[in-house]
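Residue-level structure breakdown
Here are the chains, one letter per residue:
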Amino acid sequence: MDKQDLYKKLVYQNIEDALAELNAEDKGRYYICNCPECNAHEAFIYKNNTNFIQCNRENHCGERMLLQFHEKESLHPEREKIQNTFPSLSDDQKEALTWSMRLFSFAKTGTKSEILDNGYRGLLKENAREHIVDLQNEQVTSYFFNKVSSLLGKDYSNNSWMCERNLVFPLYDENNILNRVLLRSSIDPTLEPKEIQLIMNPSKETKDFFMEIPDKANTVVFSESLLDALSFREIDPNCGFVALTGASKTRQVQAYIKKNKGAFTDKHILMAMDDDKAGWKATQKLVATLRTEGLDENISLFRYNDGFKDANEFLQGNRTQFEKRYLQDTNQLQRAKPMQHEMS
């Protein structure tokens, strides 16, 4: 008899599903989980052997169980969606895209992050964790690059300059398929350029703006980056946002506005691009499109204090004043005519 036949077996689709169901916490070399036998949060799964889980309550439980995964026997739901939607991708690319999406989903709740859990750039843990993934160190980032090299067309796993970019901002399309990632570093925040963008789905024109508009949203903020948009979420958790991935990238947003006018109807639209030449140019383009679509009645411009050029900088520099300014701008709308005068 095989020694493994002596253990009770627990069957999951994959390791990520097991960790999520067992309420796993990342402790470095191992995960601490709920014991499937006694339910105490004192069971261990070691990362170098994920086929076993053992309860640490030796005198009360101490159960040791075998974990089995069916991933190879059937397609993961995300893999099936990708296979049906993007048949031009190779099998390696489909697997890499599926793996990336599962990794980012698990990392939001299944791992610890000193940087995201302790006020990264003025953002509360819940706000940051919802939208940013921390790969934590160069070794994990290197592993990530190796796994997705078929998508990128290049393997960055031995590039130390790239592997220091541990913070990932995933951008998904309307079907929640990963399109691109924006990479920053908390290992070395002085890295230049501060942000790198990589396309994760080479089979299509990838989306180049973030958008979330909750049903309860009264205000939709247009900003130049996701960090700026999340800064407004600190003040108003229900606000919607459209966040560019660069001041010059307005074409897709303008096209979206034209096709989805209803998403912005009856909303207060707050333009909050960076307070510089590029930001002002982007504002003019977007406002022109909004006007063409008859959406200019409730537009106002976010007003920066002297010395602050973007929303995230303002939030970090003077959170109280930032909140006050947002509330002023959303409660007292600058109507279309005054803004037309300002922009003329």
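To start, this report covers the structure provided alongside it. Within any chain, residue numbers begin from 1 and follow the written order of that chain's sequence. Only residues with pLDDT of at least 70 are given local features in this predicted model, and only at 80 or more are side-chain atom pairs given and counted; all residues enter the totals for whole chains, interfaces and linings. Side-chain metrics rest on all non-hydrogen atoms present in the structure, leaving aside hydrogens and water.

Remarks on the packing of helix α2 (residues 77-85) against helix α3 (residues 91-110)
Look at α2 against α3: their axes get within 9 Å of each other, and the N-to-C directions meet at 135°. By the angle between their axes, α2 is oblique relative to α3. Helix-helix and strand crossings are classified by hand; for α2 and α3 the assignment is right-handed. Contact residues: E78, R79, I82 and Q83 in α2; D91, K94, E95, L97, T98 and M101 in α3. Interaxial angle, 0 to 180 degrees, is taken between N-to-C directions of lines fitted to C-alpha atoms, where a helix line uses only the stretch in contact. For the purposes of this entry, the term helix denotes a DSSP run of H or I that reaches at least four residues, the term strand denotes a run of E that reaches at least two, and both are numbered from the N terminus. Angles below 35 degrees are treated as roughly parallel, those above 145 as roughly antiparallel, those between 65 and 115 as roughly perpendicular, and all remaining angles as oblique. By definition, turning the near helix anticlockwise from the far helix through less than a right angle yields a left-handed crossing, and turning it clockwise yields a right-handed one. Contacts are residue-level and defined by heavy atoms, with any inter-residue pair within 4.5 Å sufficient.

Side note on the sheet that holds strand β7 (residues 133-134)
The pairing criterion for strands is at least two bridges between them, as found by DSSP. With antiparallel pairing, four strands are arranged side by side in an open sheet as β7-β8-β9-β10. Each edge of the sheet is formed by a strand with only one pairing partner; in this case those strands are β7 and β10 (196-199). Here β7 runs beside strand β8 (residues 167-172); their pairing, made up of two bridges, is antiparallel. Bridge pairing in β8 places D134 opposite L167. Together, β7, β8 and β9 (178-184) form the strand contacts of α3, whose direction differs from that of β9 by roughly 55°.

Some thoughts on the packing of aromatic side chains
Two aromatic rings, drawn from Phe, Tyr or Trp (for Trp, its six-membered ring), form a pair once their centres lie within 6.5 Å of each other, and the interplanar angle then sorts them: stacked below 30 degrees, edge-to-face above 60, tilted otherwise. All chains considered together, the criterion is met by 21 aromatic pairs. For the ring pair Y30 and F44, a centre distance of 5.0 Å and an interplane angle of 50° mean the geometry is tilted. Taken together, the residues Y30 in strand β3 (residues 30-33) and F44 in strand β4 (residues 43-46) connect sequence positions 14 residues apart. Aromatic pair F44 and Y46: ring centres 6.4 Å apart, planes at 15°, arrangement stacked. Among the aromatic residues, ring-to-ring pairing joins F232, F302, Y304, F308, F314, F322 and Y326 into one connected group. Just above the ring of F209 sits the side chain of K207; from NZ or CZ to the centre is 5.1 Å. Only when the NZ of Lys or the CZ of Arg is both within 6 Å of the ring centre and within 35 degrees of the ring normal is a charge said to sit over the ring.

Considerations on the layout of surface pockets
Space inside the largest pocket adds up to approximately 1,000 Å³. Cavity and pocket criteria rest on a 1 Å grid covering protein atoms alone: a 1.4 Å probe that fits but cannot get out defines a cavity, protein on both sides within 12 Å along at least 5 of 7 lines defines an open pocket, and an atom within 4 Å of a point defines a lining residue. Lining of the largest pocket is provided by 36 residues; of these, L171, Y172, D173, E174 and N176 occupy positions nearest its centre. With six residues, α3 is the single largest residue contributor to the lining of the largest pocket. Under the scheme applied, nonpolar residues are Ala, Val, Leu, Ile, Met, Phe, Trp, Tyr, Cys and Pro; charged residues are Asp, Glu, Lys and Arg; polar residues are all the others, including Gly. Taken together, the residues of the lining of the largest pocket sort by class into 13 nonpolar, nine polar and 14 charged. Approximately 680 Å³ is the volume found for the second largest pocket. Grid points are joined across faces, edges and corners, and a volume is the space filled by probe spheres set on the points.

Some thoughts on the environment of Q321
Assignment of secondary structure puts Q321 in helix α12 (residues 319-331). Setting aside residues no more than four positions away along its own chain, Q321 makes contact with N305 and F314.

Things to note about the pattern of salt bridges
Between Lys or Arg on one side and Asp or Glu on the other, a salt bridge is scored when a side-chain nitrogen of the former is within 4 Å of a carboxyl oxygen of the latter. Applying the stated rule across the entire model yields eleven salt bridges. The salt bridge partner of R129 is D117, with a shortest N-O separation of 3.0 Å. Of this pair, R129 sits in helix α4 (residues 125-131) while D117 sits in the loop between α3 and α4, placing them twelve residues apart in sequence. Classification of D117 by relative accessible area gives partly exposed; the value is 24%. A salt bridge links E205 to R251; the shortest N-O distance between them is 2.5 Å. Of the two residues, E205 sits in the loop between β10 and β11 (209-212) while R251 sits in helix α9 (residues 251-259), which places them 46 residues apart along the sequence. Only protein chains enter the accessibility calculation, which uses a 1.4 Å probe. A residue is then buried if its area is under 20% of the maximum for its type, exposed if over 50%, and partly exposed in between. What makes E205 exposed here is its relative accessible area of 54%.

Looking at unusual backbone geometry
A cis amide bond, omega -10°, links E192 with the succeeding residue P193. Counting through the fold element by element, P193 comes out in the loop between β9 and β10. Notably, R121 is not glycine yet its phi reads approximately 50°, a positive angle. One can find R121 in the loop between α3 and α4. On the basis of relative accessibility, which here comes to 28%, the residue R121 falls in the partly exposed class.

Considering the packing of α9 against helix α10 (residues 277-292)
Contact pair α9 / α10: the axes reach a minimum separation of 10 Å and the direction vectors enclose 15°. One way to sum up the angle between α9 and α10 is to call them roughly parallel. Of the two possible hands of crossing, α9 and α10 adopt the one that is right-handed. Only K285, L286, T289 and L290 of α10 make contact with α9, whose side of the interface consists of V253, Q254, I257 and K258.

A closer look at the sheet that holds strand β12 (residues 219-223)
Strand order across the open sheet formed by five strands is β11-β13-β12-β14-β15, with mixed pairing between neighbours. Both edges of this open sheet fall to β11 and β15 (299-301), since each of them pairs with a single strand only. Each adjacent strand pair in this sheet contributes to an overall mean axis angle of 15°, direction not counted. The sheet contact formed by β12 and strand β14 (residues 268-272) spans five bridges and is parallel. Bridge pairing in β14 links V221 to L270. Sitting on the sheet, helix α8 (residues 226-235) is in contact with β11, β12, β13 (240-244) and β14, with an inclination near 160° to β13. This element, α12, spans β12, β14 and β15 of the sheet and lies at about 135° to β14.

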